[in-house]
Amino acid sequence: MSDAPEGIVEYAYDHISEWYLQWVESHESPRERYTKKLLEELQSSPLILELGCGPGVPVLQLLLDQGAQVVANDISTKQIKIAKARFPDAKLLAGDMTALTFEPETFDGAVSFYTLFHLPRSKLKVMLTKIHGWLKPKGVFVFNLATIDEEEIHGEFLGYGMFWSSYSMDGNQALLREIGFDLLQVEVLQAGDGKLEEGDPDFDAEFMWVVARKKDPPIERIAGTMVKPGE
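The chain is annotated in an unreviewed UniProt entry as S-adenosyl-L-methionine-dependent methyltransferase from Corynascus novoguineensis.

This is how it looks when you write it as structure tokens:
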């Protein structure tokens, strides 16, 4: 196992794959509600990118059930194997999300839950900028982030070592606006509405939930004519 953050995260999710599937299926979270918000903002049969799809439930399943086309990624090959067995119609890609490449303006929308805070925060701006670039104009991105202002957090998740990294809520919002997202909705929620038992992996955690839209490029005025950059 690599001591690098991505190695720690991959090793953990590979080894908890079956337990994690059971845990996800038995836990409600705002991700279903936010996935539905994404679909409400988009036209029918959208092409969606999911980062951190895990075993494919509940988000990938919900997207496919609602007629979306989905490209989904997870760092864990075992999680991807489970998702492929359950959802053969989805395009599933195993590997580090930071190594993904797509053509600009490929996707109508993107979704990423409980994933981006596993990146070192030094890599977060580059990753969010890539997602912004992959979205079509007015594309919508729904996701969650942590709210603790810490560069490195090492702990345990379901019996295995885990890595997290995060900016504060204000830092997250400033970064998103700098990249070019309009923040349509932002809320901070306690995991499990604050009702989780102490032994639950998400006990006492809180997350920042976001609906963001790719902002239109600024309009420039040249010789009395308004044009968008690139035209």
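**Overview of the packing of aromatic side chains**
Under the definition given, this model contains 15 aromatic pairs. A ring pair is formed by tyrosine 20 and tryptophan 23, whose centres lie 5.9 Å apart and whose planes are at 40°; its orientation type is tilted. You can see tyrosine 20 and its partner tryptophan 23 sitting in helix α2 (residues 17-26), 3 residues apart, about one turn around the helix. Across this residue pair, the class does not change: tyrosine 20 and tryptophan 23 are buried. Measuring from ring centre to ring centre gives 5.5 Å for phenylalanine 113 and tryptophan 209, while their planes differ by 45°; the resulting arrangement is tilted. Note that phenylalanine 113 is positioned in the loop between β4 (107-112) and α6 (124-134) and tryptophan 209 in strand β9 (residues 206-214), a separation of 96 residues in sequence. Its relative accessible area of 5% is what places phenylalanine 113 among the buried residues.

**Observations regarding the environment of serine 44**
Inspection of the secondary structure assignment puts serine 44 in the loop between α3 (31-41) and β1 (47-51). As for serine 44 and alanine 68, which are separated by 24 residues in sequence, their C-alpha atoms are 7.4 Å apart.

**A few points about the side chain of threonine 147**
Relative to the assigned elements, threonine 147 resides in the loop between β5 (135-145) and β6 (150-157). By relative accessible area, threonine 147 is classed as buried at 14%. In this structure the side chain of threonine 147 is engaged in a polar contact, spanning 2.9 Å, whose partner is the side chain of glutamate 206. If we skip the residues at most four places from it in the chain, threonine 147 touches Ser166, Tyr167, Ser168, Met169, Val188, Glu206, Phe207 and Met208.

**Topic: the sheet that holds β5**
In space, the 7 strands of this open sheet follow the order β3-β2-β1-β4-β5-β9-β8, with mixed pairing throughout. Only two strands of the sheet have a single partner each, and these edge strands are β3 (91-94) and β8 (181-190). The sheet shows a mean angle of 15° between the axes of neighbouring strands, taken without regard to direction. Sheet topology places β4 next to β5; 5 bridges connect them, and they run parallel. Following the sheet pairing, glycine 109 is matched in β5 by valine 140. Its contacts with the sheet place helix α5 (residues 77-86) against β2 (69-74) and β3, and it is angled at close to 165° to β3. Contacting β1, β4, β5, β8 and β9, α6 runs over the sheet at an angle of about 145° to β5.

**Digging into α2**
Within α2, the full set of buried residues consists of Ser17, Tyr20, Leu21, Trp23 and Val24. Buried residues of α2, viewed axially, fall in a sector of 165°; they line one side. What points out from α2, more than 90 degrees from its buried face, is the exposed set Gln22 and Ser26.

**A short note on unusual backbone geometry**
The omega torsion across valine 57 and proline 58 is 0°, close enough to zero to call that bond cis. For proline 58, the location among the structural elements is in the loop between β1 and α4 (59-65). If you check the backbone angles, glutamate 105 has positive phi at about 55° while not being a glycine. Relative to the helices and strands, glutamate 105 resides in the loop between β3 and β4. Even without a glycine there, the phi angle at tyrosine 114 is positive, about 55°. As for its position among the elements, tyrosine 114 is in the loop between β4 and α6.

Parameters at a glance
Residues numbered from 1 in each chain as written. Predicted model: local features only at pLDDT ≥ 70, side-chain atom pairs only at ≥ 80, totals over all residues. Heavy atoms only, no water. Phe/Tyr/Trp six-rings, centres within 6.5 Å; stacked < 30°, edge-to-face > 60°. Helix = DSSP H or I, 4+ residues; strand = E, 2+ residues; numbered from the N terminus. Buried < 20%, exposed > 50% of the residue type's maximum accessible area, 1.4 Å probe, protein only. Polar contact = N/O pair within 3.5 Å; in protein donor to acceptor, adjacent residues only side chain to side chain. Contact = heavy atoms within 4.5 Å. Pairing = 2+ DSSP bridges. Axes fitted to C-alpha atoms, helices over the stretch in contact; angles between N-to-C directions. Arc of directions from axis to C-beta.

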